[in-house]
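Coordinate inspection notes
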Amino acid sequence: MNRLIVVLVFVLFGCLILAGCTSSDEPAVESEQQPLDEEAVAAARTRGVPDRGRSEDTKLEPVVILSEITYEWRTSPDRGLQVTLDFTNPADSYERARGYVFLIAESTSSGSPIKGVYPWNVSMEGDLPEDHTDGAHLLYRDTQQIRAFIPYPRSSGAFESLKLFLYDEGGRLLINRTYELGFTGAPGETRTVNPGFDL
């Protein structure tokens, strides 16, 4: 009886060794992965699933683009310039686009120069802001809208020009542009510009 058990143990042990040493001649079957369309990639990204189409070495930098600027002359409830800035980031990036925005509205036709700034608490050093971090902060992944109101201190007239300054996070001036408004001071005058320039 003991011999029979010993023989069975050796036979089983031999079968296990033989099974581990043999290999199949058939190639391993790999599941084919279909490329993902844009919707599937976007859905996977929101769930935290890694994007197989993007190399880990490729790092897309966020890009700040001013896609549209709209300015409107208002006389009620306060007299002044309403400005809406629409920023986009077309780069498919997990990082956020960043910067600081300043607006300066000016009028010279009334005899003495009139100047209004946004944000209102900005201190100017000549024609430029003293501290770039005093600006309206841009921090967004896809889009961001800045809505600014610059009051006009007189009962007649209007701002004639609008300057836009945009700085990066480190304080480098990226954009210094002037827009001629063309307002007469009538309520509700509106202009829209699609600059589409890369900042």
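These remarks concern the structure in this document. Keep in mind that this is a model prediction, so the values were computed, not measured.

This part takes up the overall build of the chain. A count of helices and strands for the chain gives 2 helices and 12 strands. Listing every helix and strand of the chain by position from the N terminus yields α-α-β-β-β-β-β-β-β-β-β-β-β-β. Going through the 199 residues of the chain one by one, you find that 34% of them count as buried. A sequence separation of at least 24 residues applies to 66% of the contacts in the chain between residues at least 6 apart.

Before going further, it helps to examine the pairing of strand β3 (residues 97-107). Taking burial as the measure, the 11 residues of β3 include 10 buried ones, the bulk of the element. Sheet topology note: the β3/strand β7 (residues 136-140) ladder contains 5 bridges and is antiparallel. Paired with Gly99 across the strands is Leu138, a residue of β7. As paired elements, β3 and strand β9 (residues 161-167) share 7 bridges and run antiparallel to each other. Bridged to Tyr100 within β9 is Tyr167.

This model, assessed by the stated rule, comprises 6 aromatic pairs. For the pair Trp73 and Phe183, a centre-to-centre distance of 6.2 Å together with 50° between the ring planes defines the contact as tilted. Placement of the pair is Trp73 in strand β1 (residues 65-74) and Phe183 in the loop between β10 (173-180) and β11 (190-193), with a sequence separation of 110 residues. With relative accessibility at 11%, the residue Phe183 sits in the buried group. Ring centres of Phe102 and Tyr167 lie 5.7 Å apart, and the angle between their planes is 85°; this geometry places the pair in the edge-to-face category. With a gap of 65 residues between them, Phe102 in strand β3 and Tyr167 in strand β9 connect regions that are remote in the sequence. Residues Phe102 and Tyr167 agree in their burial class; the two are buried. Within the aromatic cluster, the residues linked to one another by ring pairs are Tyr71, Trp73, Tyr152, Phe159 and Phe183.

Among the nonpolar cores identified, the biggest contains 31 residues, and Tyr71, Leu81, Leu85, Phe87, Leu103, Phe159 and Leu162 are the most heavily contacted of them. For this core, the secondary-structure elements that each account for two or more residues are β1, β2 (80-88), β3, β4 (114-118), β7, β8 (143-151), β9 and β10. When neighbours within four sequence positions are excluded, Leu103 is seen to be in contact with Val83, Leu85, Gly116, Val117, Tyr118, Ala148, Ile150, Leu162, Lys163 and Leu164. Membership of the second largest hydrophobic core comes to 7 residues, among which are Phe102, Val122, Phe165 and Tyr167.

A few words now on unusual backbone geometry. A cis amide bond links Ser76 with the next residue in sequence, Pro77, at an omega value of 0°. That bond from Tyr118 to Pro119 is cis: its omega, -5°, falls within 30 degrees of zero. Summarising the element assignment, Pro119 is placed in the loop between β4 and β5 (124-125).

It is worth spelling out a negative patch on the surface at this point. Among the surface-exposed residues, Glu125, Glu130, Asp131 and Asp134 lie close enough to one another that they form a single negatively charged patch. As for its placement among the helices and strands, Asp131 is situated in the loop between β6 (128-129) and β7. Accessibility expressed as a relative area gives 32% for Asp131, which makes it partly exposed.

Cut-offs applied
Residues numbered from 1 in each chain as written. Predicted model: local features only at pLDDT ≥ 70, side-chain atom pairs only at ≥ 80, totals over all residues. Heavy atoms only, no water. Helix = DSSP H or I, 4+ residues; strand = E, 2+ residues; numbered from the N terminus. Buried < 20%, exposed > 50% of the residue type's maximum accessible area, 1.4 Å probe, protein only. Contact = heavy atoms within 4.5 Å. Pairing = 2+ DSSP bridges. Phe/Tyr/Trp six-rings, centres within 6.5 Å; stacked < 30°, edge-to-face > 60°. Core = buried A, V, L, I, M, F, W, Y, C linked by side-chain atoms within 4.5 Å. Patch = residues over 30% accessible without salt bridge, like charges linked within 9 Å, V, L, I, M, F, W, Y side chains within 5 Å. Areas by Shrake-Rupley, 256 points an atom, 1.4 Å probe, with all protein chains shown as cover. Salt bridge = Lys/Arg side-chain N within 4 Å of Asp/Glu carboxyl O. Lys, Arg positive; Asp, Glu negative; His and termini not counted. Charge placed at Lys NZ, Arg CZ, Asp CG, Glu CD.

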